[in-house]
Amino acid sequence: MKTGICLTNWTKMPMTPNKDNKRVLLGMSGGVDSSVAAFLLRQQGWQVTGLSLLTHDDGRFGLADAQSICSQLDIPWEMLDVRKEFRDTIIADFIDGYT
């Protein structure tokens, strides 16, 4: 599983020419909603890149699904490991609210 997309670099990546030079970075969970959204965007001529966030240690299960869907749709897929940031901000704030 590859990791480490830099969103700043993504905005500078060369685009595959398409009619309107439309591109979208789509959050991919591996579920039905994001998968159908990716499919429909591709049908409409968008250059889609799938992005999944790894937020906790047990989070790799859905990532495999997201990667597989992107592969089947022939769209690039990236995974961003945000476990530390998620733990330090979201989880820590949640726990602090109950202490």
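Cut-off values and rules
- Residues numbered from 1 in each chain as written.
- Predicted model: local features only at pLDDT ≥ 70, side-chain atom pairs only at ≥ 80, totals over all residues.
- Heavy atoms only, no water.
- Salt bridge = Lys/Arg side-chain N within 4 Å of Asp/Glu carboxyl O.
- Helix = DSSP H or I, 4+ residues; strand = E, 2+ residues; numbered from the N terminus.
- Buried < 20%, exposed > 50% of the residue type's maximum accessible area, 1.4 Å probe, protein only.
- Phe/Tyr/Trp six-rings, centres within 6.5 Å; stacked < 30°, edge-to-face > 60°.
- Core = buried A, V, L, I, M, F, W, Y, C linked by side-chain atoms within 4.5 Å.
- Contact = heavy atoms within 4.5 Å.
- Pairing = 2+ DSSP bridges.
- Axes fitted to C-alpha atoms, helices over the stretch in contact; angles between N-to-C directions.
- Expected span 1.5 Å × (residues − 1).

This brings us to the pattern of salt bridges. Counting across every chain of the model gives 2 salt bridges. With its nearest N and O atoms 2.6 Å apart, the salt bridge here joins R83 to D81. Between K84 and D88 there is a salt bridge, with its nearest N and O atoms 2.4 Å apart. Placement of both K84 and D88 in helix α4 (residues 83-96) is noted, with a separation of 4 residues, approximately one turn of the helix. According to the relative accessible area criterion, K84 is exposed, its value standing at 51%. For D88, a relative accessible area of 39% corresponds to the partly exposed category.

Under the definition given, this model contains 1 aromatic pair. Pairing F94 with Y98 gives two aromatic rings, centres 5.1 Å apart and planes at 55 degrees, and the pair type is tilted. Taken individually, F94 and Y98 each receive the classification exposed, so the pair is uniform in this respect.

If you look at the biggest cluster of nonpolar residues, it comprises 13 residues, and the most contacted ones within it are L26, M28, A38, I75 and W77. With sequence-adjacent residues up to four places away left out, L26 is seen in contact with S34, A37, A38, L41, V48, T49, G50 and L51.

Spatially, β1-β2-β3 is the arrangement adopted by the 3 strands of the open sheet, whose pairing is parallel. The open sheet terminates on both sides in strands that have one partner only, identified here as β1 (23-27) and β3 (77-81). When strand polarity is set aside, the average angle formed by the axes of neighbouring strands in this sheet is 25 degrees. Pairing of β1 with strand β2 (residues 47-54) involves 5 bridges; the strand directions are parallel.

Attention now moves to helix α2 (residues 32-43). Turn by turn, an α-helix covers 3.6 residues, leaving residues three or four places apart pointing in a common direction. The terminal C-alpha atoms of α2, which comprises 12 residues, lie 16 Å apart, in line with the 16 Å expected from a rise of 1.5 Å per residue. Downstream of α2 by a residue or two, G45 has a phi angle that is positive, lying close to 95 degrees.

As a further point, take the pairing of β2. One face of the sheet, then the other: side chains in a regular strand alternate in exactly this way. Taken across its 8 residues, β2 has 7 buried, putting it largely inside the fold. Here β2 pairs with β3 via 5 bridges, running parallel. Looking across to β3, one finds that L53 is bridged to L80.

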